[in-house]
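Chains, contacts and geometry: an overview
Chain by chain, the residues run as shown.
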Amino acid sequence: MPITVPLVKKWKVAGGDVAPLVMVTAYDFTFAKLAEAAGMDILLVGDSLGMVIQGQSSTLPVTLDEVIYHTRCVSRGASRALVVADMPFLSYQISEERAIEAAGRLIKEGGAAAVKLEGGEAITKTVRRLVELDIPVMGHVGMTPQSVHRMGGYKVQGKSNSLDGAGSAQQILRDAKGLEEAGAFCVVIECVPQDLAATITGELSIPTIGIGAGMKCDGQVLVSYDLLGLQQNTHRPKFLKQYATLGDRAVEAMAAYGAEVRSKQFPSPAECYGDPIIKAA
Ligand code: KIV
């Protein structure tokens, strides 16, 4: 059965016999097919592509056209999974009109079924407007990578219980509730203490999808390149579990290919076409 926005919207794990949602990032057709074959529920074309595909040090330089391009590639490989596209930095903060146009392009040109925006109370007006226009919105609260400069790095948020302050537990709870009220169909919670994520999950009627947010969320998300261990020698946050070391396997495979070419073992007759006999004139 295809995963749809209405299906995700009522996906609450607590008190039911429901398995958590599984979301993973995808940036191209081949990975989308692999993720589909692995039974992933949601494919997120994350602006993390700036770091894992482009080698940038943050997600901030990623452009709308780049996300549209990658979303189009992913959409072609997805049949069951829901495709969600990230709205990159400055594509929704300047004005509601710009946000509508950007989100519309991700749906119309990229083929996404929904868009994801970072932020809470500060963006609820925009979220409400998008939802009114039939553009489904996934929220994203807690550690929001587009706010890296305000946060002073990629740091766990919500450790302070004070009522104020952008990164306080109370503010993150208000952010998540504001998104629900504005019509978001689910909310990603990134890098917060597990008790805070559990409280938010309990207070919302829409599902939460955690990354570094503990065990009580209604779903989990990881960056595909991280869980597959594709990147060698990069910082590994505490929340990340690597399920494979494909980076090492890829280096081994390419080194074996290089060695065989240099020693003239590849190509062997098995990899050659039978040539027509060229007769001298
Ligand atoms: O861009 C991304 O990959 C994300 C996930 C980490 C949630 O936003």
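What comes next is a walk through the structure. Please read these numbers as outputs of a predicted model, since none were measured by experiment.

Moving on, we get to the site of the ligand. Near the ligand you find Thr 25, Leu 44, Gly 46, Asp 47, Ser 48, Asp 86, Lys 116, His 140, Ile 211 and Val 223, and these make up its full shell. Within the side chain of Ser 48, a nitrogen or oxygen atom sits 2.5 Å from an oxygen atom of the ligand. Side-chain polar atom of Asp 86 to an oxygen atom of the ligand: 3.1 Å apart, as the coordinates give it. Summarising the interface, the protein chains cover 95% of the accessible area of the ligand, which totals 260 Å² for the free molecule. In terms of residue class, the shell around the ligand is made up of 3 nonpolar, 4 polar and 3 charged.

A cis amide bond links Phe 266 with the next residue in sequence, Pro 267, at an omega value of -5°. With respect to the helices and strands, Pro 267 occurs in the segment after helix H11 (246-262). In the Ramachandran plot, Cys 191 falls in the positive-phi region, its phi being about 45° despite a non-glycine side chain. The class of Cys 191 is buried, set by a relative accessible area of 11%. Unlike most non-glycine residues, Lys 264 shows phi in positive territory, near 65°. With respect to the helices and strands, Lys 264 occurs in the segment after H11.

With their axes 10 Å apart at the nearest point, helix H5 (residues 96-108) and helix H6 (residues 124-132) run at an angle of 45° to one another. With respect to each other, H5 and H6 are oriented oblique. Considering only the axes of H5 and H6, their crossing is right-handed. Of the residues in H6, those touching H5 at Glu 96, Ala 99, Ile 100 and Ala 103 are Lys 125, Thr 126, Arg 129 and Leu 130. Along the lines of polarity and charge, the residues of the contact of H5 with H6 split into 4 nonpolar, 1 polar and 3 charged.

Below, the discussion takes up the pairing of strand S6 (residues 186-190). On a regular strand, each side chain points to the face opposite its neighbour's, so the side chains alternate between the two faces of the sheet. Most of S6 sits out of view: 5 of its 5 residues are buried. Burial of S6 is two-sided: the residues Cys 186, Val 188 and Glu 190 facing one way and the residues Val 187 and Ile 189 facing the other way are all buried. Bridging between strand S5 (residues 137-142) and S6 involves 5 bridges; their strand directions are parallel. Residue pairing across strands places Gly 139 opposite Val 187, the latter belonging to S6. With respect to chirality, the unit in which S6 leads through helix H9 (residues 194-203) into the neighbouring parallel strand S7 (residues 208-211) is right-handed.

A few words now on H5. An ideal rise of 1.5 Å per residue puts 18 Å on 13 residues; H5 measures up with 18 Å between its terminal C-alpha atoms. Buried residues of H5: Ala 99, Ala 102, Ala 103 and Leu 106, and no others. Seen from one end, H5 has its buried residues packed into an arc of 95°, which puts them on one side. Turned more than 90 degrees from where H5 packs its buried face, Glu 97, Glu 101 and Lys 108 sit exposed. Lining the buried residues of H5 we find helix H4 (64-77), strand S3 (82-86), strand S4 (114-116) and H6.

In this structure the tally under the stated criterion is 3 aromatic pairs. Plain terms: the ring middles of Tyr 257 and Phe 266 are 5.9 Å apart, the flat faces sit at 70° to each other, and that makes the pair edge-to-face. Using a relative accessible area of 32% as the deciding quantity, one classes Phe 266 as partly exposed. Among the aromatic residues, ring-to-ring pairing joins Tyr 27, Phe 31 and Tyr 225 into one connected group.

This part is about the sheet that holds strand S1 (residues 21-25). One closed barrel accounts for 8 strands, arranged S1-S2-S3-S4-S5-S6-S7-S8; its pairing is parallel. Within this sheet the neighbouring strands show an average axis-to-axis angle of 25°, counted without direction. Bridging between S3 and S4 involves 3 bridges; their strand directions are parallel. Following the sheet pairing, Ala 85 is matched in S4 by Val 115. Of the strands in this sheet, S3 and S4 touch H5, which is tilted by about 130° from S4.

Rules and cut-offs
Residues numbered from 1 in each chain as written. Predicted model: local features only at pLDDT ≥ 70, side-chain atom pairs only at ≥ 80, totals over all residues. Heavy atoms only, no water. Near = heavy atom within 4 Å. Polar contact = N/O pair within 3.5 Å; in protein donor to acceptor, adjacent residues only side chain to side chain. Areas by Shrake-Rupley, 256 points an atom, 1.4 Å probe, with all protein chains shown as cover. Nonpolar A, V, L, I, M, F, W, Y, C, P; charged D, E, K, R; others polar. Helix = DSSP H or I, 4+ residues; strand = E, 2+ residues; numbered from the N terminus. Buried < 20%, exposed > 50% of the residue type's maximum accessible area, 1.4 Å probe, protein only. Axes fitted to C-alpha atoms, helices over the stretch in contact; angles between N-to-C directions. Parallel < 35°, antiparallel > 145°, perpendicular 65-115°, else oblique. Left-handed = near helix turned anticlockwise from the far one by under 90°. Contact = heavy atoms within 4.5 Å. Pairing = 2+ DSSP bridges. Right-handed = clockwise from strand over helix to strand, strands pointing away. Expected span 1.5 Å × (residues − 1). Arc of directions from axis to C-beta. Phe/Tyr/Trp six-rings, centres within 6.5 Å; stacked < 30°, edge-to-face > 60°.

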